[in-house]
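Structure at a glance
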Amino acid sequence: MLIRILLMVEPAPLRRRIQRQVRDPHTLVSTLGSRKTFWSEMSRQTFDLLILNRTAFQDSPSNLIGTVRALPEEPEVVVLCEREDPEERAALLEAGAYAVIYEGLTDPALAGALGTLISRRREESLRHLRADRLAQIPSLRDFVSASTAMQAFMSVVYRVLPVDSSLLILGETGVGKERLARALHNEGPRSRGPFMQVNCAALPEPLLESELFGHEKG
């Protein structure tokens, strides 16, 4: 998974040093043009990690960090500090910073710290992606309705759910036939097997019967 890093780091030598220490091949690093255009550029870019100087906070760190974390991608904020200060580190972490890094680290130590943060962010993104995919799996609970007709229909659905037999679902375009079929498959006795979706309209008529019901050679 590609991890995108946005740098708002000054001076330029420190920014270039940070860029050199990002050694993950699946990482894209970009920089902000200037602090004056910070928010306008932020709205045009998508990123996973924002790395900036401690001096970038003109007011409470929690305000800026909270605003960045509220973006659609929920990026994390990494703060670079000029000096080691345990109280300042604690305050920044309490404000929501993902990590606080001392600028005076040696190159190997800096590369190791950045590599750990990138790996951590990637693992978190993958977990969220898996959770989103699981949440999108159709379930019969998706069809709960206050409609009397729909409730009567679903009572039939639950009766046929445990039956290991072919089922024909009829309905107009867009009413959810495929989603219902997937939900029945996921919660029925065939859930361990694959759900095979076939576009019958794309099949030549002579092959339709063989595709749906199989055939014997000859």
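Notes on the structure in this doc start here. (Residues numbered from 1 in each chain as written. Predicted model: local features only at pLDDT ≥ 70, side-chain atom pairs only at ≥ 80, totals over all residues. Heavy atoms only, no water.)

Overview of the packing of aromatic side chains
- In the structure shown here, the tally under the stated rule is 0 aromatic pairs.
- The ring of Tyr98 is capped by Arg120, whose NZ or CZ atom sits 4.1 Å from the centre of that ring. (Phe/Tyr/Trp six-rings, centres within 6.5 Å; stacked < 30°, edge-to-face > 60°. Lys NZ or Arg CZ within 6 Å of the ring centre and 35° of its normal.)

Looking at empty space enclosed by the protein
- Here the structure, examined in full by the defined rule, presents 1 cavity of 30 Å³ or more.
- The space that makes up the largest cavity amounts to roughly 30 Å³.
- When grouped by side-chain class, the residues that make up the lining of the largest cavity number 3 nonpolar, no polar and 4 charged. (1 Å grid on protein atoms, 1.4 Å probe; cavity = no way out; pocket = protein on both sides within 12 Å on 5 of 7 lines; lining within 4 Å. Points joined across faces, edges and corners; volume = space filled by probe spheres on them. Nonpolar A, V, L, I, M, F, W, Y, C, P; charged D, E, K, R; others polar.)

Overview of helix 7 (residues 177–187)
- Where helix 7 is concerned, the buried positions are Leu180, Ala183, Leu184 and His185.
- Looking at the buried side of helix 7, the elements it contacts are helix 6 (148–160). (Buried < 20%, exposed > 50% of the residue type's maximum accessible area, 1.4 Å probe, protein only. Helix = DSSP H or I, 4+ residues; strand = E, 2+ residues; numbered from the N terminus. Contact = heavy atoms within 4.5 Å.)

Focus on the pattern of salt bridges
- Evaluation of the coordinates by the stated rule reveals 13 salt bridges.
- Taking the shortest distance from any N to any O, the salt bridge between Arg120 and Glu124 comes out at 4.0 Å. In this pair, Arg120 and Glu124 are both assigned in helix 5 (residues 107–135), 4 residues apart and thus about one turn of the helix distant.
- Note on Arg120: relative accessible area 33%, which makes it partly exposed.
- Classification of Glu124 by relative accessible area gives buried; the value is 18%. (Salt bridge = Lys/Arg side-chain N within 4 Å of Asp/Glu carboxyl O.)

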